[in-house]
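Analysis of the macromolecular model
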Amino acid sequence: MDQEKSSQFYEEYEVFSKRNQMAPFQHQFSLLAPNREMAMMMAKENFLRREPCVNIWVVKRSDIAGLGEDERQVLTRLDNKKYRETAGYGYLKKKWRQYEQEQFTEKNLLKES
Amino acid sequence: MTFENAETLSQNKEALSACKALLYQLADDDFLLAYRGSEWLGLAPHIEEDVAFSSISQDTMGHAVMFYQLLEELGEGEADRISHLRTPAEFRNAILLEMKNGEGSYVEKPDYDWAFAVVRNLFYDYAKMIRLQSLKSSSYEPLAHMARRIISEEYYHLMHWEMWFRQLMTSTPEARERMEQAIRRVWSDFGGVLTTGPEGKQIAAAGLMESEEVLTERWIQKVSAILNETGFQPEGEPGMKSGNGRTGEHTEDLTEALAILSEVYRKDPAAQW
Amino acid sequence: MVLELTRDLSYEEKYERFMERIEAGERIEADDWMPDDYREALIRLISMHAVSEIMGALPEKEWTPKAPTLHRKLAIMAKVQDEMGHGQLLLRVAEDLMKPLGKNREDIMQDLFSGRLKFHNVFHMKAPTWGDAGIIAWLVDGAAIITQSMSLNSSYGPYARALQRICAEEVFHAQHGESIILALAEGTEEQRSMLQKSLTEWWPALLMFFGPKSKENVGKSHVNKNIKYKIRTKTNEDLRQEFFNKYIPRIKSIGLEIPDKTIHFDEEKGEWVYEQPDWNEFKKIVTGHGPMSEQRLSLRRDSYQNTRWVRDALASRGKEA
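Below: a short report on this structure. Bear in mind that the values here come from a model prediction, so they are computed numbers and not experimental data.

**Description of the overall build of chain C**
Counting its secondary structure elements, chain C contains 13 helices and 2 strands. Against the compact-globule benchmark of 20 Å for 321 residues, chain C has a radius of gyration of 21 Å, which places it among compact chains. For chain C, the proportion of contacts with a sequence separation of at least 24, taken over those separated by at least 6, is 75%. When the accessible surface of chain C is summed, it comes to about 13,200 Å², and 52% of that surface belongs to carbon and sulfur atoms. Of note, chain C has its 46 positive side-chain charges centred 4 Å away from the centre of its 50 negative side-chain charges.

Right under this line is the structure:
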């Protein structure tokens, strides 16, 4: 009976945090807590005692969908997709030189005007 | 009337002595409660809480250190000496905050009361926050500055203890019973936290902090809100059942605590540790 | 489903694939297939590591209020808090491994209380002086850093990740320890003798910390299996020698004496030769018959019992919500 009760006290929560305003949320670790409010109060001091932190998420683990060991096969990809990447367009530099133009790099394409 | 620094304050004898009295109250309150908190480490309801509670105790001890340093600036001696070498009768903390966490000791057979920890800490943090808010406009500028900094750490403490209070008040009948008992106990001695002691009038007159009456009224409002929400009201006014620590009146619990806290330091206060 | 399913493989095929992953330096995750003895080895190692952190907080905790200055009080509070935090991280790793066996934290606690789950020999010892607090922080933590660093690249991903967090904090612990012992070493005659006394008392326990050299000393050992599975990379003796290399010159440099007249570096063998600690004593200690075993265990057991009402209250509250 006690055993059963205490297992409800020990729910698993995953903890995510943001290091600064621009940073994405990053997974930290997991903890046990009986509910969300408690999980949140525990998260800050258990995992973010030293590093800077501007926000925290706690997510009940059973609400997270992930890929199992076998399902991770869907993540495989052939290495024939250069057309998606700048590496596939390396010849342009030479071309533009023929027109006495410099090729735009990531730096000057994304530069704020 | 403002005092920019220790030097300007020292020119006003009355304000200076009121300020010292106030600082001893603030520092000793935090020092003793942080000590009681540190005794809980490893004994809290679960590991995650052990870690969280320890941060709160460290913060609180850190606040005590800041207040002791202000006393050091006012010529009371080194912070370590002030905190370790005074006799119990020289301490100005409220008796409620020196009380043991329960039967037994932190190294042997601790029979600690989590309900008492939750209620004592929450009610104290309400009072502390109210004091700090008032201290933001203290006439002693170094103190006002310090209050603003300390407030930033108090938000977490309050949120943490409010969560525990609400959850335990609305769970099982056993938890409710233990919590009500703890509230009655804390209530019967909380007057000792709220009083600003024999120097209270001078503290307010020098503009160091608002009067005891004003702050007490704010505390009652704050505490009533969460008590109403959870449907419980202790009888009467907050009391001083165990005595008034602000006048140097204390219990055996403080004597024991100070003996432990200063055991090593007293071996050789002149040594570097 | 068109995926190749692990469950369709025979045990031998699964095992072979698992070992290929280990050999290739891949990381195994909690819900991956793993052989039972890999899971068992991890549970044994990590749950012992977890409760050692938690029980290890207790001897130092005795010193938190007594720490001589305000600064030392704060620092040791932070340090002991970290130990509990490490316990938390490791418990989570162990709990996830035990979950398929239908076990949770409650079971780990009960196993600890019943003596089935052992914790490190050093945390069964007395710590009667401030010198002991210094030696624990300096040398016990120093020893722990050596054993933990070896598993930073453990084949089990969650353990490796927990250790990354832990080792980052251990650097603070090491410096906290150095700061305490240097203050004592540079202090009064009384402070220096306090420190020397602690070193003398703790020396055998420090040697035992790494475990016996070979199984002749204690019976069964899991070291080889753990190395095969890349859970750890070094033997107990490798680690102890590393400890000597690192700390003997430092201990001597501050004028402390090692309580072993025979200890010396054998140039030919390329290793330290030293007096063996009493391994029978070691066996006695880790099976719960050390000087403080019973007291520290009952401290945890009693407090766990005393706060049961809290866990029960919040568990039933969660149910209604």
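Further notes follow.
**Topic: the packing of aromatic side chains**
Enumeration over the complete set of coordinates arrives at 36 aromatic pairs over all chains. Ring geometry for F9 of chain A and Y10 of chain A: centres 5.4 Å apart, planes at 75 degrees, overall edge-to-face. Relative to W161 of chain B, the ring of F53 of chain B has its centre 5.0 Å away and its plane inclined at 85 degrees; by these criteria the two rings are edge-to-face. Placement of the pair is F53 of chain B in helix 3 (residues 47-73) and W161 of chain B in helix 7 (residues 141-169), with a sequence separation of 108 residues. Accessibility expressed as a relative area gives 3% for F53 of chain B, which makes it buried. The buried category is assigned to W161 of chain B, whose relative accessible area is 0%.

**Here's the deal with the interface of chain A and chain B**
Facing 13 residues of chain A, the contacting portion of chain B comprises 12 residues. Buried surface at the junction of chain A and chain B, summed over both partners, amounts to about 1,200 Å²; 69% is from carbon and sulfur atoms. One can count 0 salt bridges joining chain A with chain B. Where chain A touches chain B, the interface holds 6 residue pairs in polar contact (both at pLDDT 80 or more). Within the residue set of the side of chain A that touches chain B, elements represented by two or more residues are strand 2 (26-33) and helix 2 (36-47) of chain A.

**Observations regarding the pairing of strand 1 (residues 11-18) of chain A**
Residues and elements named next belong to chain A. Judged by how many residues are buried, strand 1 sits mostly within the fold: 7 of 8 residues are covered. For strand 1 and strand 2, the ladder comprises 7 bridges, and the chain directions are antiparallel. By the bridge assignment for strand 2, E14 is matched with S30.

**A short note on the pattern of salt bridges**
Across all of its chains, the model carries 50 salt bridges over all chains by this definition. The partner of E69 of chain A in a salt bridge is R21 of chain C, and the shortest N-O contact between them spans 3.1 Å. A residue pair is termed interchain when its members come from two chains, as with E69 of chain A in the loop between strand 3 (55-60) and helix 3 (92-98) and R21 of chain C in helix 1 (residues 11-23). Taking relative accessible area as the criterion, E69 of chain A reaches 19% and is therefore assigned buried. The class of R21 of chain C is buried, set by a relative accessible area of 12%. Between E48 of chain B and R105 of chain C there is a salt bridge; the shortest N-O distance is 2.7 Å. A residue pair is termed interchain when its members come from two chains, as with E48 of chain B in helix 3 and R105 of chain C in helix 4 (residues 105-114).

**Quick word on the interface of chain C and chain B**
Reports often express the size of an interface as the amount of accessible area lost when the parts come together. The interface is formed by 47 residues belonging to chain C together with 56 residues belonging to chain B. On inspection of chain C and its partner chain B, the count reaches 3 salt bridges. Among the ionic pairs, E263 of chain B bridges to K66 of chain C, the shortest N-O distance being 3.3 Å. Taken together, the links from chain C to chain B amount to 18 residue pairs in polar contact (both at pLDDT 80 or more).

**Regarding the environment of D70 of chain A**
Examined against the element boundaries, D70 of chain A turns out to sit in the loop between strand 3 and helix 3. Overall, the relative accessible area of 14% leaves D70 of chain A in the buried class. Sequence separation between D70 of chain A and S17 of chain A is 53 residues; the distance between their C-alpha atoms is 29 Å. Contact partners of D70 of chain A, with chain neighbours within four places excluded, come to L3, E4, L5, T6 and R17 of chain C. A distance of 2.3 Å separates polar atoms of two side chains, one belonging to D70 of chain A and the other to T6 of chain C.

**Regarding the side chain of Q25 of chain B**
Tracing the sequence through the fold places Q25 of chain B in helix 2 (residues 13-39). Discounting residues that sit within four places of it in the chain, Q25 of chain B has contacts with R92, T195, T196, G197, E199, I203 and R246 of chain B.

Cut-offs and rules
- Note on numbering: residues in each chain are counted from 1, in written sequence order.
- Chains carry letters from A onward and ligands carry numbers from 1 onward, assigned in written order.
- Reporting in this predicted model follows two pLDDT cut-offs: at least 70 for local features of residues, and 80 or more for side-chain atom pairs to be given and counted; totals over whole chains, interfaces and linings ignore these cut-offs and use all residues.
- Think of the side-chain values as coming from all heavy atoms in the structure, minus any hydrogens and water.
- Numbering of helices and strands starts at the N terminus; helices are DSSP runs of H or I of at least 4 residues and strands are runs of E of at least 2.
- To get the radius of gyration, use the C-alpha atoms; to get the globule rule, take the number of residues to the power 0.38 and multiply by 2.2 Å.
- We call two residues in contact whenever any of their non-hydrogen atoms come within 4.5 Å of each other.
- All accessibility values rest on the Shrake-Rupley procedure with a 1.4 Å probe; residue burial counts only the protein chains present in the view.
- Here the positive residues are Lys and Arg and the negative ones are Asp and Glu; neither His nor the chain ends is included.
- Taken as the charge centre is NZ of Lys, CZ of Arg, CG of Asp or CD of Glu, depending on the residue.
- Only centres within 6.5 Å qualify two rings of Phe, Tyr or Trp (six-membered ring in Trp) as a pair; their planes then separate them into stacked at under 30 degrees, edge-to-face at over 60, and tilted for everything else.
- The buried label applies to any residue whose accessible area, calculated with a 1.4 Å probe on protein chains only, is under 20% of its type's maximum; exposed applies above 50%, and partly exposed to all values in between.
- Once two parts are brought into contact, the accessible area they lose, counted with a 1.4 Å probe and summed over both, makes up the buried area.
- Definition used for salt bridges: Asp or Glu carboxyl oxygen within 4 Å of a side-chain nitrogen of Lys or Arg.
- Two N or O atoms count as a polar contact when they lie within 3.5 Å, although within protein this holds only if one can serve as hydrogen donor and the other as acceptor, and sequence-adjacent residues are included solely when both atoms are side-chain atoms.
- Paired strands, in this sense, are two strands between which DSSP finds at least two bridges.

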